[in-house]
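# Summary of the model geometry
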Amino acid sequence: SQQGEEDPQALSIQEGENATMNCSYKTSINNLQWYRQNSGRGLVHLILIRSNEREKHSGRLRVTLDTSKKSSSLLITASRAADTASYFCATEGQGGKLIFGQGTELSVKP
Amino acid sequence: GAGVSQSPSNKVTEKGKDVELRCDPISGHTALYWYRQRLGQGLEFLIYFQGNSAPDKSGLPSDRFSAERTGESVSTLTIQRTQQEDSAVYLCASRLDPSGREQYFGPGTRLTVT
């Protein structure tokens, strides 16, 4: 069964706007990771946040983690058409196994 | 190449046939994962190899599915007596050590069972 649940399932915005995606999970984690997928093929790692961290930045990406609420958010600022993709959160517990959410499909219109 | 590679990239097979999918991880990566992704869905964990430890097979959906890995090299995922519901993209990923790092994904094998 999937651990993470993401919302929204789909998000459509205009270029230049910010995009926020949320992820909730059920069990304790060591870290949470966000990945991007283009065209239903291989995923690309975006950012990893550890369970003792609350916020992390990488370029136009900002990730927050609230372990008390078992939730995370991914913010993409100043979005571009090239950001159009599916975004997945994945949680890692003991043993190194990653459990992925269902994903958010982001469409950025030029 | 430096990345994870998978072969074949596409496979069309008839229902009831066996298929074998291959994954070449990044050299030196001790952990290797297989996932299945149905159209428009998230990734389903299938199996996880870590060094010489016993693999975590908890995600394999039935006994028709099996996977092998020799040491820290190539892995093969075998699906016996394929069914139409096995149609999906099968993704492989590798990682340098067992925890706390990102996974590197291959491009996937798109399996279509007719």
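Structure first, text after, so check above.
### Concerning the sheet that holds strand β3 (residues 19-24) of chain B
All names here are of chain B. Reading across the sheet, the 4 strands line up as β1-β3-β7-β6 and stay open at both edges, with antiparallel pairing between neighbours. A single partner strand is all that each edge strand has here, and the edge strands are β1 (5-7) and β6 (65-69). Adjacent strand axes in the sheet meet at a mean angle of 15 degrees when their direction is disregarded. With 3 bridges connecting them, β1 and β3 associate as antiparallel partners. For Ser5, the partnering residue across the bridge sits in β3 and is Asp24.

### Focus: the interface of chain A and chain B
Across the boundary between the two partners, chain A contributes 23 residues, which contact 28 residues of chain B. Contact between chain A and chain B buries roughly 1,700 Å² in total, counting both sides, with carbon and sulfur atoms accounting for 46%. Inspection of the chain A/chain B interface yields 2 salt bridges. The salt bridge involving B:Asp56 is made with A:Lys97; its shortest N-O contact spans 3.6 Å.

Reading the values: the criteria
Residues numbered from 1 in each chain as written. Chains lettered and ligands numbered in written order. Predicted model: local features only at pLDDT ≥ 70, side-chain atom pairs only at ≥ 80, totals over all residues. Heavy atoms only, no water. Pairing = 2+ DSSP bridges. Helix = DSSP H or I, 4+ residues; strand = E, 2+ residues; numbered from the N terminus. Axes fitted to C-alpha atoms, helices over the stretch in contact; angles between N-to-C directions. Contact = heavy atoms within 4.5 Å. Buried area = accessible area lost by both parts, 1.4 Å probe. Salt bridge = Lys/Arg side-chain N within 4 Å of Asp/Glu carboxyl O.

What is shown is where atoms sit, not what they do.
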